[in-house]
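These are the residues of each chain, in order.
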Amino acid sequence: MIELFQQPFVQNAFLAGTVIAVVAAIVGYFVVLRAQAFAAHALSHIGFAGATGAALLGVSSLVGMFIFTFLAALGIGALEKKIQGRDTEIGMILSFVLGLGVLFLRLYTNSASEAVGVLFGSILSVSAQDVVLILIVGIGALMSLGLVFRPLLFASIDPEVAEARGIPVKFLSLFFMVVLAVTVTEAIQVVGVLLVFALLVAPAASAQHITKKPFSTVLLSIVFGLVFTWSGLFLAFITRFPVSFYIATFSAMNYFVVVYFSHLAAPHRLEPLHHPHGEK
Amino acid sequence: MFALLQYPFIQNAFIAGSLVAIVAGIVGYFLLTRGLTFAGHALSHIGFAGAAGALVLGVDPVVGLLVFTISAGVGIGILGKRLNERDVTIGIIMTLMLGLGALFISLYSGYAERAYSILFGTILGISKSDVFITAIFSVLTFIALLCIFRPLLFSSFDQEVAEARGVPVRLLGVIFLVLVGITVSMSVQVVGVLLIFTLLVGPAATATRLIHEPLGAIALSIFLGLLYTWVGIFLAISDIGGNWPVSFYIAALSFAIYLPVRLFSKHEKRRHNKATSSFSQSSAS
């Protein structure tokens, strides 16, 4: 067992996985709070085109994903109000972007394993260089989130009141979108484009059913994210099944168990969220 | 060009592609009017686990697709309103299914190739027996749609009134989702799990913006679906297209035609009301 942890690729996987699980859990809290799960989904799909396009140009796929998701985040942030509830329009754009990804892939290589790596994650092949990049970007994302934590929380829970009190709601929402884009790109490294939900949304969504206070929700969501990632990695090394399968299964099971028990405990839990700024 | 059409694999692709395009055009119209486009998306992701599971068991992936999408369709239909609360719970179910699919595919030796073809479609590699299965299910879906056409249309536009007039709205909803499941399974062979929207929703989304009257919109939607599929296959096999994937062409066409129509059609919010009133007029007369 200890020998396993002495191998560099195992260490890299655990380091990267840990950083990403923490960042995704914190950002995920706001994603759930702001009901932007679909934006996370969209950004990850756009990341696929970015990754394959970068491969085509001979750039690192991480860089390609950062650029694509960053631009997409600006777009989504600018159009935010206009795209809510527009499943069809979003679906059309996403399909087109995925189609582009397929094309880039075909132009670049005929090997399908490249695509599958991006789609389902390839944490076991993360290099030491990637770990450093993931660490820097992750810390950057957390620090920028820390700077705007309270106003962002306020703006997420009650945008009208926040705006009336002079908080730059629009700017914050754009700012958050960019942080989300960076986080999605990182999460893709572990679980892949298709399973970003498992690390980004599921931990926070489960935590929200257990506690209502912002800080304990964030903490619990970090704990969930770390447990899923570590146990997923651990089991993947022992059994050779894909990491993303374990993480997706654990996070989904956890979510359903938590939802089931919270419904048992309190059947009427549909009241609005706790308001952090005074009684309301 | 005509020499190309004599290859059996190209004939198979055209036959299967056309059948799928016709059924998808009709089902897509109802998905849009019922506000269920996301269900098509979710069902295709759920189908991925089925297709991958079938590979492990050594069964044809279409069988796995059908089993998973039909049972998921029934499940969503019975749960009814739950799907509107789509974001988190449906997203997590989709994630779980994709994760399962990843597991099944890793158990299967031809890992990446098969995953790729389920995700992005392999119409040019469709086998004779798959064409046969596609034909049977497409015809069955088509007949079923014809049988429930009027009540389904009625309940799609005005559920309350339809219910009041004795239309079995709930049952129709479940039957429709089963048909969506079958259509999704068929469409996956052409464009793959991830690009299902381009064939299932794209043509109908363009058509409903151009024509308000239901039959006309459905006809246009079928026409567009056939056009995308034929042009897609044609470009992919001919020298002009540079050997790019069929599903890319279908996705690009579907988007390129939808985009200007969406931007320049002015009937944004009124579409639904207009369609409703035109339908109630025609049903009253």
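None of these values were measured; they are calculated from a predicted model.

This part takes up the overall build of chain A. Secondary structure assignment for chain A yields 14 helices and 0 strands. Along the chain direction, N to C, the helices and strands of chain A fall in the order α-α-α-α-α-α-α-α-α-α-α-α-α-α. When the 280 residues of chain A are sorted by exposure, 52% land in the buried category. Taking all contacts inside chain A whose residues are at least 6 apart in sequence as the whole, residues at least 24 apart take part in 76%.

A low pLDDT score tells you not to read the predicted coordinates there in detail. Averaged over chain A, the pLDDT score is 83; the fraction of residues at 70 or greater is 89%. Of all secondary-structure elements in chain A, the lowest mean pLDDT belongs to helix H1 (residues 2-6) of chain A, at 72, while helix H13 (residues 214-239) of chain A reaches the highest, 91.

Before going further, it helps to spend a moment on the environment of Ala181(A). All names here are of chain A. Mapped onto the elements of the fold, Ala 181 is located in helix H10 (residues 169-191). As a C-alpha pair, Ala 181 and Tyr 246 span 65 residues in sequence and 24 Å in three-dimensional space. Among all residues touching Ala 181, those that are not within four sequence positions of it are Leu 43, Thr 69, Phe 70, Ala 72 and Ala 73.

All names here are of chain A. Tracing the chain through its elements places Pro 159 in helix H9 (residues 159-164). When the 16 C-beta atoms within 10 Å are taken as the criterion, Pro 159 is described as partly exposed. Each C-alpha atom of the pair Pro 159 and Lys 170 lies 9.3 Å from the other, and the pair is 11 residues apart in sequence.

For the rest of this paragraph, the subject is helix H6 (residues 128-147) of chain B. Residue and element names in this part refer to chain B. For H6, built from 20 residues, the straight-helix expectation of 28 Å at 1.5 Å per residue is met to within 8% by its first-to-last C-alpha distance of 29 Å. Of the residues making up H6, those classed as buried are Val 131, Ile 133, Thr 134, Phe 137, Ser 138, Thr 141 and Leu 145. The buried side chains of H6 occupy one side of the element, clustering within an arc of 160° when seen end-on. Counted as exposed and oriented over 90 degrees from the buried face of H6: Lys 128, Ser 129, Ile 136, Ile 143, Leu 146 and Cys 147. Buried positions along H6 lie against helix H1 (8-33), helix H3 (61-79), helix H7 (149-157) and helix H9 (169-191).

It is worth spelling out H13(A) at this point. All names here are of chain A. The terminal C-alpha atoms of H13, which comprises 26 residues, lie 37 Å apart, in line with the 38 Å expected from a rise of 1.5 Å per residue. Along H13, the residues classified as buried are Pro 214, Thr 217, Val 218, Leu 220, Ser 221, Ile 222, Phe 224, Gly 225, Phe 228, Thr 229, Gly 232 and Leu 233. Structurally, H13 contributes buried residues whose contacts are with helix H2 (8-33), helix H8 (149-157), H10, helix H11 (196-200), helix H12 (202-210) and helix H14 (243-265). Where H13 terminates, the next one or two residues include Arg 240, which has phi positive at roughly 70°.

Rules behind the numbers
Along each chain, the written sequence defines residue order, and numbers are assigned to residues from 1. Going through the entries in the order they are written, you letter the chains from A and number the ligands from 1. Only residues with pLDDT of 70 or above have their local features reported here, since the model is predicted, and side-chain atom pairs are shown and tallied only from 80 upward, although totals for entire chains, interfaces and linings are computed over all residues. We count a stretch as a helix when DSSP gives it H or I for four or more residues in a row; a strand needs E for two or more, and each element gets its number in order from the N terminus. Buried, partly exposed and exposed are defined by the number of other C-beta atoms within 10 Å of a residue's own C-beta, namely 20 or more, between the two limits, and 12 or fewer respectively, with C-beta atoms placed from the backbone. Each residue is represented by a C-beta atom placed from its backbone, and any two residues with such atoms within 7 Å are regarded as in contact. For every residue, the predictor assigns a confidence score, pLDDT, that lies between 0 and 100. To estimate how far a helix should extend, the number of its residues minus one is multiplied by 1.5 Å. Along the arc lie the directions from the helix axis toward the C-beta atoms.

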